[in-house]
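Close look at the chain arrangement
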Amino acid sequence: MMPWKTLVSIATYNERENIERLVAAVRESVSDIHVLVIDDGSPDGTGQWCEHFDDEQDWFHYIQRGSKQGLGSATICGMQYAVELSQNSSDLALNETQSRSHALWGKSTLDVTES
């Protein structure tokens with residue numbers, strides 16, 4: 001039996017200052033997790049960082065959508081990606097928003113957006 005693979009999807013827009021710490025904190029919490037970032041064309045460099053990091057890490061996945069399309073459609077995009085990945089043995093998908101408007105991580109467990 002293959003071990004579980006877990007994917008957490010993170011919708012972003014203008015999160016360059018936070019995305020690196022968030023990805024590191026997720027991997028620190030669960031070392032074998034896969035991370036998918038769905039960026040809506042952030043003008044602040046979020047996408048460039050993700051593109052570079054995607055080339056370096058096989059557990060990191062990145063979708064650049066090119067324009068601000070909203071959290072709902074980014075969530076759907078992440079779930080569609082998880083379904084496709086599940087055909088290659090992904091068993092669990094989680095969703096997180098970087099904006100903290102729908103925060104998965106509480107201050108008591110993980111806080112990567114404050115300095």
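Let me sum up the structure you'll find in this document. (Residues numbered from 1 in each chain as written. Predicted model: local features only at pLDDT ≥ 70, side-chain atom pairs only at ≥ 80, totals over all residues. Heavy atoms only, no water.)

**Focus: the packing of aromatic side chains**
If you walk through the whole model with that rule in mind, you get 5 aromatic pairs. Judged by centre distance (5.5 Å) and plane angle (75°), the rings of Phe53 and Trp59 are edge-to-face. Residues Phe53 and Trp59 agree in their burial class; the two are buried. Relative accessible area serves as the criterion here: at 11%, Trp59 is assigned to the buried category. Cation over ring: Arg27 sits above Trp59, and NZ or CZ is 4.0 Å from the ring centre. (Phe/Tyr/Trp six-rings, centres within 6.5 Å; stacked < 30°, edge-to-face > 60°. Buried < 20%, exposed > 50% of the residue type's maximum accessible area, 1.4 Å probe, protein only. Lys NZ or Arg CZ within 6 Å of the ring centre and 35° of its normal.)

**Thoughts on helix α1 (residues 16-29)**
Taking 1.5 Å as the rise per residue, α1 with 14 residues should run 20 Å; its terminal C-alpha atoms sit 21 Å apart, in good agreement. Within α1 the residues assigned to the buried category are Asn18, Ile19, Leu22, Val23, Ala25 and Val26. Looking straight down α1, one finds that the buried residues subtend no more than 165° of arc, so they occupy a single side. The exposed residues of α1 that point more than 90 degrees off its buried face are Glu17 and Glu28. Each element contacted by the buried residues of α1 is listed here: β1 (6-12), β2 (34-39), α2 (46-56) and β3 (60-64). (Helix = DSSP H or I, 4+ residues; strand = E, 2+ residues; numbered from the N terminus. Expected span 1.5 Å × (residues − 1). Arc of directions from axis to C-beta. Contact = heavy atoms within 4.5 Å.)

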